[in-house]
Amino acid sequence: MNTNTIQTTCPYCGVGCGISAQVDSHSRQVQIKGDKNHPANFGRLCSKGSALGETVGLAGRLLQPQCDGQVVSWDAALNRVAQVFADTIAEYGPDAVAIYGSGQLLTEDYYVANKLMKGFIGSGNMDTNSRLCMSSSVAGHKRAFGADTVPGCYEDFEHAELIVFIGSNAAWCHPVSYQRIRAAKVANPALKVVVIDPRRTASCDIADLHLPVASGSDAYLFNGLLHYLHDHNALDLAFIAAHTDGFAAALQASASHSLAQVAELCQVSVDDLRCFYQWFADTRLTMSLYSQGINQSASGTDKVNAIINCHLATGRIGKPGMGPFSLTGQPNAMGGREVGGLAHQLAAHIDFATPVGIDRVARFWQTGRIAQQAGLAAVDLFDAIYEGKVKAVWIMGTNPVVSLPNADKVKQALARCPFVVVSDCIAQTDTTAYAQVLLPAQGWSEKNGTVTNSERRISRQRPLFSAAGNAQPDWWIITQVAQRMGFGAAFAYCDASDIFREHAALSGFENNPQQGLRDFDLSGLADLSQHDYDQLQPIQWPVNQAYPNGRARLFADGQFFTANGKAQMLAITPRPPVNRPDEHYPLALNTGRLRDQWHTMTRTALAAKLNQHKPEPFVEVHPADAATYGLSDGGLALLTSAWGDMLARVQVTDSQKPSHVFVPMHWSLQYASRGRMGALVNPAVDPVSKQPESKHTPVRIAAYQPAWQGFILSRQELAVGAADYWVKINGEQFFRYELAGQGVLPDVRSWFADHPAADWQTYEDAGKGNRRVAQLLDKRLLAVSYLSADGSLPERQWLASLFTATELSPDERKALLVGVPPLGVADVGALVCACFNVGENTIRTAIKEQGLSTHQAVGACLKAGTNCGSCVPEIKALLALA
């Protein structure tokens, strides 16, 4: 094997983990390890990052340009995109076209897409899926600091003495940072951790206090904290006077409720609330880490500012171990914000607020066509497509038919749209189904450029392989269209480094105290040679003459990027969610990510090990609600909102608050018949940030009673559309289908591949409604099916393991339709540790037989929990049961 070691970055959450990849370019195989020298992760990876080597194959890839379903040349595809966009602009104006981008794009891709739309087409209609996760943070930062500035860095975790997770299940969504905090807590017994979340999540495993607040009550909570800090003399009055404006109004707004009233509004005990408030008051080294539970709200910007108010009022910002810290959702959501990827931004942290800023960017780009006002944000953009106002849209690296709220309307909008272009590396998604033109973009393992993580650290993403098929970089595709539209001189880039240098130069253009100082400044990198760009090491912006090696923290000097240099404290009036439960929809729906999946699963579902922990769409329900609505654990439920519905497997758990339910965001029509969470979610948005309220939708729930249920394991993909409910799960050398339906049991043998020499095993009990079928060829298992009218089905794990065998033993064949392993054969049980494929039964056996009493001992014995650590809470739960 001829291998090279290449340093690159992980394409998942905003932690920005470094990866050391050992690459065999000939066989297109790679071994993935964490980069021990990267300051974002120091060698740690999550389960998803560790499994990246299983996702770089060509199965499912979009490898050639297509027009109307037919493979065409790049020239034909690019000419068509350019011509239709130009014709649409000529007839209807520049606001009749739009680009919808993604936090999966590299900064260089983002830069040229934004430049084309806002600088040369002349419309602000460039938005991104980052609108769905981080725009409330952007708006909150801008209002408080005068710029979208993250004040601190990951190193602060080791300095803090109180860390507050707010609306963040970091144990699953940012596991590497979470494990770093776990380690910091072990090293520093004085460090306390508070989790503020309606759900008792895996992040509570290290919590000293969990506040299960009512959905949407965060602004009450932090207004109450500000008032408590004032009443208990815990404010930094000197800092307030010297470095802030608006304190009096913010304090007055916070005084509208007593501590007891806040506790009642937040549905927490007075004692727990007072404990949190007192810890915050007593602990100068306090960090507030917040994520989607804050941002994804119709008042998300106010919630961000309510948190920031408490840090400004205590002077806890910009110094080691303190400050508000937004945990970014995507690998390059920050890079997109830097270049202006959101519709209200222009470029380089310059927005449309002043003619001076617009003129500055226009002069730098040397354009007379620059947009003069903000464009349409994501929800408004797809509403405009639905209404026929936007007639041509180019979607890049994202899947809005699944991820946007009111997703059925998004689907209808794209079906109505005269011209839809999709750039993607995956051929079949819920969104590519509506495209007239498909453009094959390079995938993660082929892309070359930069990304920026949550702590403002820029890292290089380097290609591991040459491009597959006819795939091209996104920046190249965009510049080719720009050239064909007549803007060639402004888009004459030869390499990603050309774009990065221009991006860096723009960030420093007229960026000085005399002409308006901006936070984002990469002018120190504007003259990078090709070699220096290739070798660029992780660095935090700003990078300029004053900070040639980057800067870890900002605002320690009390100087902010507002007109008078002072931070702005906002008077916050808490607002409830726009749509509240009522008699028709009595439950509050919460949504979020899972440990082992990412976005709409186009990449993670390719890795078999990532599909085993939570294989189906599910809904978490409190036991009291399960009793009220007649739901059984493991049964199916139909969730319905005013906007759509979905089917999900029921998980009854007291980690959920009564009258609240939770569903994951990941499943699409590619993997589940009715598992799209976005179809349920209401389209209410924050009036400031335009971010959707994905964390609170009124729904009702009812048991779904199929006539039969079952599952199939098959080496080949099957057409299972005859089932009302189906979920496809990629396994190790097999596909698993979970099924349910009405009517009579189907004859699944007609679904299997036709092998004339195949052997069949069948079992049928018509009285009980049970049917079991197995297909073998030369003693090798091809497919096995279990259908039941009474719900009696075997476990899947042992059966799944048979697909890795070249042939089955006589005992295995005898046990096949029983569904239970032969005597003496272990069943590993449900997957717990995805990193090392360790099952529940394996852990239980080790605990019992070897007397293990700690998760560290389990890790030493089985490796479970020793990589990303996300499964540690489950291991500890098994220890507690033992």
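Right above here is the structure, for reference.
Residues numbered from 1 in each chain as written. Predicted model: local features only at pLDDT ≥ 70, side-chain atom pairs only at ≥ 80, totals over all residues. Heavy atoms only, no water.

1. Some words on the overall build of the protein
When you go through the protein residue by residue, the secondary structure sums to 28 helices and 36 strands. Relative to the 2.2 N^0.38 estimate, which gives 29 Å for 882 residues, the radius of gyration of the protein is 27 Å and therefore close to what a compact globule would have. For the protein, the spread of C-alpha atoms along the principal axes amounts to about 85 × 70 × 55 Å. Burial statistics for the protein: of 882 residues in total, 64% are counted as buried. As displayed, the protein offers around 30900 Å² of accessible surface, 49% of which is attributable to carbon and sulfur atoms. Here the protein contributes 73 positively and 80 negatively charged side chains, and the mean placements of these two sets differ by 1 Å. (Helix = DSSP H or I, 4+ residues; strand = E, 2+ residues; numbered from the N terminus. Rg over C-alpha atoms; globule rule 2.2 N^0.38 Å. Buried < 20%, exposed > 50% of the residue type's maximum accessible area, 1.4 Å probe, protein only. Areas by Shrake-Rupley, 256 points an atom, 1.4 Å probe, with all protein chains shown as cover. Lys, Arg positive; Asp, Glu negative; His and termini not counted. Charge placed at Lys NZ, Arg CZ, Asp CG, Glu CD.)

2. Notes on the pattern of salt bridges
Counted by the stated rule, this structure contains 44 salt bridges. Across the pair Glu 446 and Arg 28 runs a salt bridge whose closest N-O atoms are separated by 2.5 Å. In this pair, Glu 446 is assigned in the loop between β18 (437–440) and β19 (449–452) and Arg 28 in the loop between β2 (18–24) and β3 (29–34), connecting sequence segments 418 residues apart. Across the pair, Arg 28 and Glu 446 agree in class, each one buried. As a salt-bridge pair, Lys 389 and Glu 387 come within 3.2 Å of each other at their nearest N and O atoms. Residues participating in the shared-partner salt-bridge network are Asp 359, Arg 360, Arg 363 and Glu 510. (Salt bridge = Lys/Arg side-chain N within 4 Å of Asp/Glu carboxyl O.)

3. Observations concerning the sheet that holds β2
Overall, antiparallel pairing links the three strands, which are arranged β1-β2-β3 in an open sheet. Lying at the two open borders of the sheet, with one neighbouring strand each, are β1 (4–9) and β3. Within this sheet the neighbouring strands show an average axis-to-axis angle of 30 degrees, counted without direction. (Pairing = 2+ DSSP bridges. Axes fitted to C-alpha atoms, helices over the stretch in contact; angles between N-to-C directions.)

4. Digging into the packing of aromatic side chains
Two aromatic rings are characterised by how far apart their centres lie and by the angle between their planes. Tallying each qualifying case throughout the model produces 28 aromatic pairs. On the numbers, 5.4 Å between centres and 70 degrees between planes, the contact of Phe 120 with Phe 491 is edge-to-face. In this pair, Phe 120 is assigned in helix α3 (residues 107–121) and Phe 491 in the loop between α20 (474–487) and α21 (496–508), connecting sequence segments 371 residues apart. Accessibility assignment for this pair places Phe 120 and Phe 491 in one class, buried. A ring pair is formed by Phe 276 and Tyr 277, whose centres lie 5.8 Å apart and whose planes are at 50 degrees; its orientation type is tilted. For Tyr 277, a relative accessible area of 1% translates into the label buried. Among the aromatic residues, ring-to-ring pairing joins Phe 222, Tyr 228, Phe 276, Tyr 277 and Phe 280 into one connected group. Positioned above the aromatic ring of Tyr 533, the side-chain terminus of Arg 460 is 4.3 Å from the ring centre. One Lys or Arg, Lys 614, reaches over the ring of Phe 618 and ends 5.2 Å from the middle of that ring. (Phe/Tyr/Trp six-rings, centres within 6.5 Å; stacked < 30°, edge-to-face > 60°. Lys NZ or Arg CZ within 6 Å of the ring centre and 35° of its normal.)

5. Concerning the nonpolar core
Counting residues in each nonpolar core, the largest one holds 66 residues, and the members touching the most others are Phe 85 and Trp 394. A per-element tally of this core places α3 first, with eight residues. Apart from residues no more than four positions distant in its own chain, Phe 85 is found in contact with Val 97, Ala 98, Ile 121, Ala 392, Val 393, Trp 394, Phe 419, Val 421 and Met 485. Formed by 58 residues, the second largest nonpolar core is a distinct cluster that contains Tyr 12, Cys 13, Ile 206 and Leu 647. (Core = buried A, V, L, I, M, F, W, Y, C linked by side-chain atoms within 4.5 Å. Contact = heavy atoms within 4.5 Å.)

6. A look at the pairing of strand β32 (residues 759–765)
The pairing of β32 with strand β33 (residues 770–777) spans seven bridges and is antiparallel. The partner of Trp 760 across the bridge, within β33, is Gln 775. As consecutive antiparallel partners, β32 and β33 are separated by four residues, and within that stretch Gly 769 has a phi angle of approximately 75 degrees, a positive value.

7. Describing the sheet that holds β18
Overall, mixed pairing links the seven strands, which are arranged β5-β4-β18-β17-β16-β6-β7 in an open sheet. Each edge of the open sheet carries a strand with a single partner, namely β5 (70–71) and β7 (126–128). Of the pairings in the sheet, the one linking strand β16 (residues 392–396) to strand β17 (residues 419–424) comprises five bridges and is parallel in character. Bridging from a neighbouring strand, Ala 392 pairs with Phe 419 of β17. Sitting on the sheet, helix α2 (residues 74–92) touches β4 (66–67), β6 (97–101), β16, β17 and β18, and the angle it makes with β18 is about 130 degrees. Sheet strands touched by α3: β6, β7 and β16. Its angle to β7, the strand with the most contacts, is close to 150 degrees.

8. Let's talk about unusual backbone geometry
Following Trp 541, the chain continues into Pro 542 via a peptide bond in cis, with omega recorded as 5 degrees. Phi at Gln 366 is positive, roughly 55 degrees, even though this residue is not glycine. Inspection of the secondary structure assignment puts Gln 366 in the loop between α16 (355–365) and α17 (378–386). Phi is positive for Asn 837, close to 55 degrees, though the residue is something other than glycine. Among the secondary structure elements, Asn 837 is positioned in the loop between β35 (831–833) and β36 (838–839). A relative accessible area of 48% means that Asn 837 is categorised as partly exposed.

9. A word on helix α14 (residues 300–314)
The first and last C-alpha atoms of α14 sit 22 Å apart over 15 residues, in line with the 21 Å expected at 1.5 Å per residue. Of all 15 residues making up α14, 15 are buried, and the element is well covered by its neighbours. Just past α14, the residue Gly 315 takes up positive phi, approximately 70 degrees. (Expected span 1.5 Å × (residues − 1).)

10. As for the environment of Gly 341
Relative to the assigned elements, Gly 341 resides in the loop between α15 (333–339) and β14 (345–347). The exposure class assigned to Gly 341 is buried, which follows from its relative accessible area of 0%. For the pair formed by Gly 341 and Ile 317, sequence separation is 24 residues and the distance between their alpha carbons is 27 Å. The residues contacting Gly 341, other than those within four sequence positions of it, are Tyr 110, Asn 114, Lys 118, Met 126, Asp 127, Thr 128 and Gly 336.

11. Quick notes on the pairing of β6
Of all the five residues making up β6, five are buried; the element is thus mostly covered by neighbouring parts of the structure. Because side chains alternate across β6, one face comprises the buried residues Val 97, Ile 99 and Gly 101, and the other comprises Ala 98 and Tyr 100, equally buried. Relative to β16, β6 runs parallel, the two being bridged by four bridges. Looking at the pairing, Val 97 lines up with Ala 392 of β16.

12. Description of the state of the cysteines
Tallying each qualifying case throughout the model produces zero disulfides. You can see Cys 275 has no disulfide; the closest cysteine sulfur is in Cys 204, sitting 14 Å from it. Residue classification places Cys 275 among the partly exposed positions, given a relative accessible area of 25%. The thiol of Cys 861 is not disulfide-bonded; the next cysteine sulfur, from Cys 833, is found 13 Å away. (Disulfide = S-S within 2.5 Å.)

By themselves, these observations are geometric and do not establish any function.
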